[in-house]
Amino acid sequence: MTQNENNALPPKTCSIERLVTMEADVKKVLAGEKTATRRNGRYADPGEIMTLEGNQFVVEKVYSQSLGELTDADVRREGFETVEDYKQSILSYHPGMPWLPQMRVWVHEFSPVQE
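Everything numeric here is computed off the predicted structure, so don't read it as measured data. (Residues numbered from 1 in each chain as written. Predicted model: local features only at pLDDT ≥ 70, side-chain atom pairs only at ≥ 80, totals over all residues. Heavy atoms only, no water.)

### A few points about the overall build of the chain
- Of the regular secondary structure elements, the chain holds four helices and four strands.
- Reading the chain from its N terminus to its C terminus gives the helix and strand order α-α-β-β-β-α-α-β.
- Here the C-alpha radius of gyration of the chain, 14 Å, is about what a compact globule of 115 residues would show, namely 13 Å.
- With the C-alpha coordinates aligned to their principal axes, the bounding extent of the chain is approximately 35 × 30 × 25 Å. (Helix = DSSP H or I, 4+ residues; strand = E, 2+ residues; numbered from the N terminus. Rg over C-alpha atoms; globule rule 2.2 N^0.38 Å.)

Shown next as structure tokens:
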């Protein structure tokens, strides 16, 4: 990661401790079924470490994506089979939230820290 790439990211809007908080998501991460999470803000920098139940995960990539760009491959990294499954899950967490194809989210991709 070059210094310039990191400088291109806007300031974080939240802390990495808030990146993955729902128990079902934590379980998916620990089981290796979830290797990415999308948020409406930036919660981590590349290289930052997230700790879940004593296990460490390193954030590898942080980038912006619109909901309309989502593919089934993208949402499999989130622990879902299809974009529709993911959409229904997100809308169930955020009642009343519109699902707009042009809406941008921050993708945080991570992997277990190798000892």
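### Re the UniProt feature "domain: ASCH" (unreviewed entry) in the chain
- Mapped onto this structure's residue numbering, the UniProt feature "domain: ASCH" (unreviewed entry) falls at residues 19-114.
- The distance separating the terminal C-alpha atoms of residues 19-114 is 20 Å; by composition the span is 26% helix and 30% strand. (UniProt positions renumbered as here; feature names shortened; annotations may be inferred.)

### Let's talk about the side chain of glutamine 65
- Take glutamine 65: it is sitting in strand E3 (residues 55-66).
- For glutamine 65, a relative accessible area of 7% translates into the label buried.
- A polar contact of 2.8 Å, which involves the side chain of glutamine 65, links it to the side chain of arginine 38.
- Non-local contacts of glutamine 65, meaning those with residues more than four positions away in its chain, are made with Arg38, Leu70, Asp74, Met103, Arg104, Val105 and Val107. (Buried < 20%, exposed > 50% of the residue type's maximum accessible area, 1.4 Å probe, protein only. Polar contact = N/O pair within 3.5 Å; in protein donor to acceptor, adjacent residues only side chain to side chain. Contact = heavy atoms within 4.5 Å.)

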